[in-house]
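# Chain and residue survey
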Amino acid sequence: MDSLIAQADALRPLSKRRKIIREGPVKGQKKAKTPAQDETSNSVAQHTSLPKSLRALDPSPEDVPKHAHITNPKLRSHLTRQSTQAVRSKVLLKDAELLLTEDAGKMEVEGEMDRTWRIDQAEIAKSAGQEAAQGRREWKLESGPYKSRYSKNGRHLAIVGKTGHVATFDWKTGTLHTELQLQETCRDITFFQDQSHFAVAQNKYIYIYDRDGVELHCLKSHIEPTRLEFLPYHWLLASVGNAGYLKYQDTSTGQLLVEHRTKFGTCNAMAQNRHNAVIHLGHQNGSVTLWTPNLPHAAVQLLAHLGPVVSVSVDPSSGGRYMSTAGQDGTVKIWDCRNWKGSVREWSARGGSGEVEWSAKGSLAVASGGTVNVYTAPTIHETFTAKAPPPLYLTHPVPHRPLVSLRFCPFQDILTIGHSGGLSSILVPGSGEPNFDSSEADPFENKKARREREVRGLLEKIQPDMIALDPEFVGSLAPPSKLTTAVNDTHNTPFARLPRLEKLRVQGKADETEVGKEDGGEGDDSGKKEDREVREKRKMRGKGKSMKRYLRKQRKNVVDPTAVAVRAKLEKQKEERRATKAAANGGGDGKKASALDRFKRSKA
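Reading the values: rules and limits
Residues numbered from 1 in each chain as written. Predicted model: local features only at pLDDT ≥ 70, side-chain atom pairs only at ≥ 80, totals over all residues. Heavy atoms only, no water. UniProt positions renumbered as here; feature names shortened; annotations may be inferred. Helix = DSSP H or I, 4+ residues; strand = E, 2+ residues; numbered from the N terminus. Buried < 20%, exposed > 50% of the residue type's maximum accessible area, 1.4 Å probe, protein only. Contact = heavy atoms within 4.5 Å. Areas by Shrake-Rupley, 256 points an atom, 1.4 Å probe, with all protein chains shown as cover. Phe/Tyr/Trp six-rings, centres within 6.5 Å; stacked < 30°, edge-to-face > 60°. Pairing = 2+ DSSP bridges. Salt bridge = Lys/Arg side-chain N within 4 Å of Asp/Glu carboxyl O. Patch = residues over 30% accessible without salt bridge, like charges linked within 9 Å, V, L, I, M, F, W, Y side chains within 5 Å. Axes fitted to C-alpha atoms, helices over the stretch in contact; angles between N-to-C directions. 1 Å grid on protein atoms, 1.4 Å probe; cavity = no way out; pocket = protein on both sides within 12 Å on 5 of 7 lines; lining within 4 Å. Points joined across faces, edges and corners; volume = space filled by probe spheres on them. Nonpolar A, V, L, I, M, F, W, Y, C, P; charged D, E, K, R; others polar.

With an unreviewed UniProt entry as reference, the protein chain is termed U three protein 7, source organism Athelia psychrophila. Turning to the protein chain, the UniProt annotation filed under Subcellular location (unreviewed entry) states: "Nucleus, Nucleolus". UniProt, in the comment section headed Function (unreviewed entry), describes the protein chain in these words: "Involved in nucleolar processing of pre-18S ribosomal RNA."

What follows is the structure in structure tokens.
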């Protein structure tokens, strides 16, 4: 007790002892020991304080506006209370931001000669906490090679073997949801919006199962699928197969939305950009294409490798800015999705490159030969012309080949490797996102929260037409055209509707040197003639329509006295003009006299 009191700074020199106010006892009462006389509690309370969020009454901040100019006392007090609460919330938020440190928890070495890649998994698991060390596991399975897929919240894991072994389970608690032996070739697996449904790319079609392993649907329009991807905000299941067709299936309505013919044959590499929901495909001829549901052709096509593309992955930490590809030519390349002029970085992987995968914090895992190498974000994003690998952060040898799958667990520093001997989970410090948004993905959600999130996801479902390379165009205004109105136009007439002369004036190409008087001026015969021609053309509009022709035919048999009189008058005027013209030519009809004319006269 004496040592505790000494640590609490209760025993101090007399000159520095705190003054304690003691109230004298009242007559007729026993002398009671007040809290102020307890030196031990007073010394501990002096160095201890509650967090600001747990304090019952916090004094009002000084910089709160008082709203003294408002005469209504009820409204004034209400506004003052709101302002005080807003200032307190900002202070509490600033205290809470102390937990969101920028350091991602990566490994650091003490000496200059030490390297992080020399630290093995046994030492990392020993130095990590008890809960984090549970991520280091080995699953020995006989139906490999295996591929894996985590749910959106990172709590559940789905695995599929090439010979047909399928299982889903909660990897933290070890609770097995379902286990199936399909007895046929299976190539890929993916969860839907949560762990309640998953799809398996089997030998011929795609089959959908629920959490208990009951077969719900058979998608026969997806023939021989090789890769699967699920777009969570659009509720779309995308697949590509041996036939080379990229197909989108709407899981909320069950309709086959669209199918694109890639024209590049079998595709075994597929990834999605979580920032804009664009599908990236790697083909056998070394090209990489980007696809959206609303375009019948590839939005972007580039030649990435000299051989077939083995794997494609997109960096989620940079907002889909960087893409990594691995080819059978043994090279790994980093691409900038904003321009496709060339790779940002390129290096050769020892033993041939296999799968590539990005983590939530920008760490890149590359499976080459029998090892898995992990590179950190700052080095692989920098442009480097030499074909040298970036500094290695972590490496882990895997004796089982081939390595066919790499998956980072969301919100955990865990990397799951799928190989012929089963699955291996290793710890990669600093690769996972430590802070999660419970409205998007909550690892600790219950049944009610999952149901509410699913209903909200259906109500907020994004239409497939909004998928584009640049998602920022949604909700933005179209930029005004440089040539929108005429020079002296105040009605904002569109440029396309302007006459040709006005268009030339706006463009600065009009030649007005020979232009005489203005339109409509006195003595402007050319302008009047042009206006008359325009009126005649306008009058003739619609004369060739079927309705006009029908009405014209109906009017053929109608005898109008006025029209008959006008027609007779016109014929008479025409005859008079003809006679006048003949008389002006020398009499008669203007023809030369013939020898037979005398017989005509005698007959007359």
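## What about the overall build of the protein chain?
Looking only at helices and strands, the protein chain has eleven helices and 28 strands in total. Evaluated residue by residue, the protein chain yields a buried proportion of 36% over its 604 residues. Contacts spanning at least 24 positions in sequence make up 45% of the contacts within the protein chain whose residues lie at least 6 apart. Summed over all atoms, the accessible surface of the protein chain reaches about 38,800 Å², with 52% contributed by carbon and sulfur.

## Observations regarding the packing of aromatic side chains
In the structure shown here, the tally under the stated rule is six aromatic pairs. Taking 5.2 Å as the distance between ring centres and 20° as the angle between the ring planes, the aromatic pair formed by Phe 192 and Phe 230 counts as stacked. Pair noted here: Phe 192 is in the loop between β6 (188-191) and β7 (197-201) and Phe 230 is in strand β10 (residues 225-231), with a separation of 38 residues, a long-range link. Here Phe 192 matches Phe 230 in class, with each residue buried. Considering the side-chain rings of Phe 436 and Phe 444, the 6.1 Å spacing of their centres and the 55° angle between planes classify their relative orientation as tilted. On the accessibility criterion, Phe 444 (57% relative accessible area) is exposed. Each member of the aromatic cluster is reached from another via a ring pair, and the members are Phe 411, Phe 436 and Phe 444.

## Some remarks on the pairing of strand β25 (residues 394-397)
The alternating pattern of β25 places Leu 394 and His 396 on a buried face, while none of Thr 395 and Pro 397, on the opposite face, is buried. Inspection of the sheet shows strand β24 (residues 371-375) paired to β25 by four bridges, in the antiparallel sense. Opposite Asn 373, over in β25, you have Thr 395 as the bridge partner.

## Topic: the pattern of salt bridges
All chains considered together, the criterion is met by 16 salt bridges. Across the pair Glu 440 and Lys 152 runs a salt bridge whose closest N-O atoms are separated by 3.8 Å. Highlighted residues: Glu 440 in the loop between β28 (422-427) and α6 (447-459) and Lys 152 in the loop between β2 (146-150) and β3 (156-161), separated in sequence by 288 residues. Classification of Lys 152 as partly exposed rests on a relative accessible area of 31%. Residue Lys 461 pairs with Asp 250 through a salt bridge whose shortest N-O separation is 2.8 Å. Of this pair, Lys 461 sits in the loop between α6 and α7 (500-507) while Asp 250 sits in strand β12 (residues 245-250), placing them 211 residues apart in sequence. The burial state of Lys 461 is the same as that of Asp 250; both residues are buried.

## Some words on a nonpolar patch on the surface
On the surface, a nonpolar cluster with roughly 250 Å² of combined accessible area is contributed by Met 466, Phe 473 and Val 474. Structurally, the position occupied by Val 474 is in the loop between α6 and α7. Judged by relative accessible area, Val 474 falls into the partly exposed class, the value being 41%.

## As for the UniProt feature "repeat: WD" (unreviewed entry) in the protein chain
UniProt annotation of "repeat: WD" (unreviewed entry) refers to residues 302-336 when read in the numbering used here. Between the C-alpha atoms that bound residues 302-336 the distance is 12 Å, and the span itself is 0% helix and 57% strand.

## What to know about the sheet that holds β12
Here four strands make up an open sheet; going across it, the order is β10-β11-β12-β13 and the pairing antiparallel. Each end of this open sheet is capped by a strand with a single partner; those strands are β10 and β13 (256-261). Between one strand axis and the next, the sheet turns by 15° as a mean value, whatever way the strands run. Sheet analysis places β12 next to β13, joined by five bridges and oriented antiparallel. Paired with Tyr 248 across the bridge in β13 is Val 258.

## Structural notes on the layout of surface pockets
Take a probe with the size of a water molecule and roll it over the atoms, and the empty space left behind shows itself. Empty space within the second largest pocket amounts to approximately 600 Å³. The wall of the second largest pocket is formed by 28 residues, among which Lys 147, Arg 227, Val 310, Glu 355 and Val 404 lie closest to the centre. Only β2, β3, β10, β18 (309-314), β22 (353-358), β23 (364-368) and β26 (403-408) provide two or more residues apiece to the lining of the second largest pocket. If one sorts the elements of the lining of the second largest pocket by residue count, β22 sits on top with three residues. Across the lining of the second largest pocket, the residue classes break down as eleven nonpolar, eleven polar and six charged.

## Brief notes about empty space enclosed by the protein
In total, this model carries two cavities of 30 Å³ or more according to the counting rule given. If you add up the space inside the second largest cavity, you get close to 50 Å³. Lining the second largest cavity are Lys 152, Asn 153, Gln 193, Asp 194, Gln 195, Glu 440, Ala 441, Asp 442, Glu 445 and Arg 453. Of the residues in the lining of the second largest cavity, the class split is one nonpolar, three polar and six charged.

## Some remarks on the environment of Ala 326
Residue placement: Ala 326 occurs in strand β19 (residues 322-327). Note: C-alpha distance between Ala 326 and Val 366 (40 residues apart in sequence) is 8.6 Å. Ignoring any residue separated from it by four or fewer positions in sequence, one finds Ala 326 in contact with His 305, Val 309, Val 310, Ser 311, Thr 331, Val 332, Ser 353, Gly 354 and Val 356.

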